[in-house]
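If you want the building blocks of each chain, they are given just below.
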Amino acid sequence: MKAVPESLNVSLPKLEDSHQKHPCFSYKAHKKFARMHLPVAPKCNMACNYCNRKYDCSNESRPGVTSKVLSAAEALQRFLMVRSQFPNLSVVGIAGPGDALADWENTRTALEMIRRVDKDIHFCLSTNGLLLDEYLPEIIDLGIGYVTVTVNFLTPEVGEKLCRFIEYHGTQYKGWEGAALLSEKQMQGIARIASKGITVKINTVMISGINDHQIPDMANKMKGLGASLHNIVPLIPVQGSVFADYPQTSAAELLSMRERCRTDLAQMSHCRQCRADAIGMLNDDRCLQFIQAG
Ligand code: CLF
Ligand code: SF4
């Protein structure tokens, strides 16, 4: 059970029975429970070679896409509307369209506003992990029980092929140097949040010929740091990104990698690579209906 921030003055959800209700962390739960993403975090502090967030397309479904970035007040309104129509809504997640922690002010304000009106809903964050350690006290105070960290490499030699730069406290670190700093912050952050009882999932974008050879060791290392689930997802080559011409990772490659990693870390197999404004059951996204409603 998390400490309750005085300003919120509510009791927070019991984590011990929440896995059964989280559609991403439990296969069974994804058939019963819905989640919603609130696209309140457009900024990011790094430049991944597979990322392009310039699209504003209601028909494209992949991470980083949202039809509109919401203010915290708009996020609360959308939450109330969705909750009234989905009695099985169990999780509110912040998954960009940038990075939840790089845009922490908006993320925190939106979650605080929701916590004031709903003490039971579970909070979930998705982040690159650069600022995890830094925001840990606030993550705990808000009662965020689930954090997903995208970890794509173990060594800066591979990291520099995946990420052009990171920005950390006003300084830009390019190539090898940036990748080394990111990796150090990710490891520290994952170990610390896991040690505080927060459930950690690792997302890894599998890019054949770039990082696939490190993924099995990554699963082992992440288990050691306290992660409880691994979600290896295929590269989606996106127009306008550096990796636009790379082949999409095949289903067979993905399956075989998950099998190899399963002995070290439990593997997720039902991810839908959701939009930043996804709403509803994983297999039946209803975000369009709410985008049109405003
Ligand atoms: Fe959203 Fe992610 Fe939380 Fe789930 S999604 S922030 S853990 S509430 Fe789920 Fe969507 Fe896959 Fe993410 S299916 S992309 S794993
Ligand atoms: Fe894009 Fe996420 Fe990478 Fe930021 S961390 S550049 S939002 S993929």
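Everything numeric here is computed off the predicted structure, so don't read it as measured data. (Residues numbered from 1 in each chain as written. Chains lettered and ligands numbered in written order. Predicted model: local features only at pLDDT ≥ 70, side-chain atom pairs only at ≥ 80, totals over all residues. Heavy atoms only, no water.)

With that settled, consider the sheet that holds strand β7 (residues 171-174). Read across the open sheet, the 3 strands follow the order β2-β6-β7; overall the sheet is antiparallel. Since the sheet does not close on itself, it has two edges, and those belong to β2 (46-48) and β7, each with one partner. Adjacent strand axes in the sheet meet at a mean angle of 20°, parallel and antiparallel pairs treated alike. (Pairing = 2+ DSSP bridges. Helix = DSSP H or I, 4+ residues; strand = E, 2+ residues; numbered from the N terminus. Axes fitted to C-alpha atoms, helices over the stretch in contact; angles between N-to-C directions.)

This next bit is on the side chain of Arg258. As for its placement among the helices and strands, Arg258 is situated in helix α7 (residues 251-262). We note that Arg258 is buried and unpaired, the nearest opposite charge coming from Glu259 at a distance of 8.3 Å. Each residue touching Arg258, except ones within four places of it in the same chain, is listed here: Ile232, Gln267, Met268 and Ser269. (Buried < 20%, exposed > 50% of the residue type's maximum accessible area, 1.4 Å probe, protein only. Lys, Arg positive; Asp, Glu negative; His and termini not counted. Salt bridge = Lys/Arg side-chain N within 4 Å of Asp/Glu carboxyl O. Contact = heavy atoms within 4.5 Å.)

For helix α6 (residues 215-225), every residue scored as buried is listed here: Ile215, Pro216, Met218, Ala219, Met222 and Leu225. Elements that come into contact with the buried residues of α6 comprise α5 (175-195), β8 (199-206), β9 (229-234) and α7. Just past α6, the residue Gly226 takes up positive phi, approximately 115°.

In this section: the pattern of salt bridges. Applying the stated criterion across every chain yields a total of 12 salt bridges. We note a salt bridge from Asp285 to Arg35, for which the minimum N-O separation is 3.3 Å. Of this pair, Asp285 sits in strand β11 (residues 284-285) while Arg35 is found in strand β1 (residues 34-37), placing the two residues 250 residues apart along the sequence. Several salt bridges converge on common partners, so that one network encompasses Glu105, Arg108, Glu112 and Glu138.

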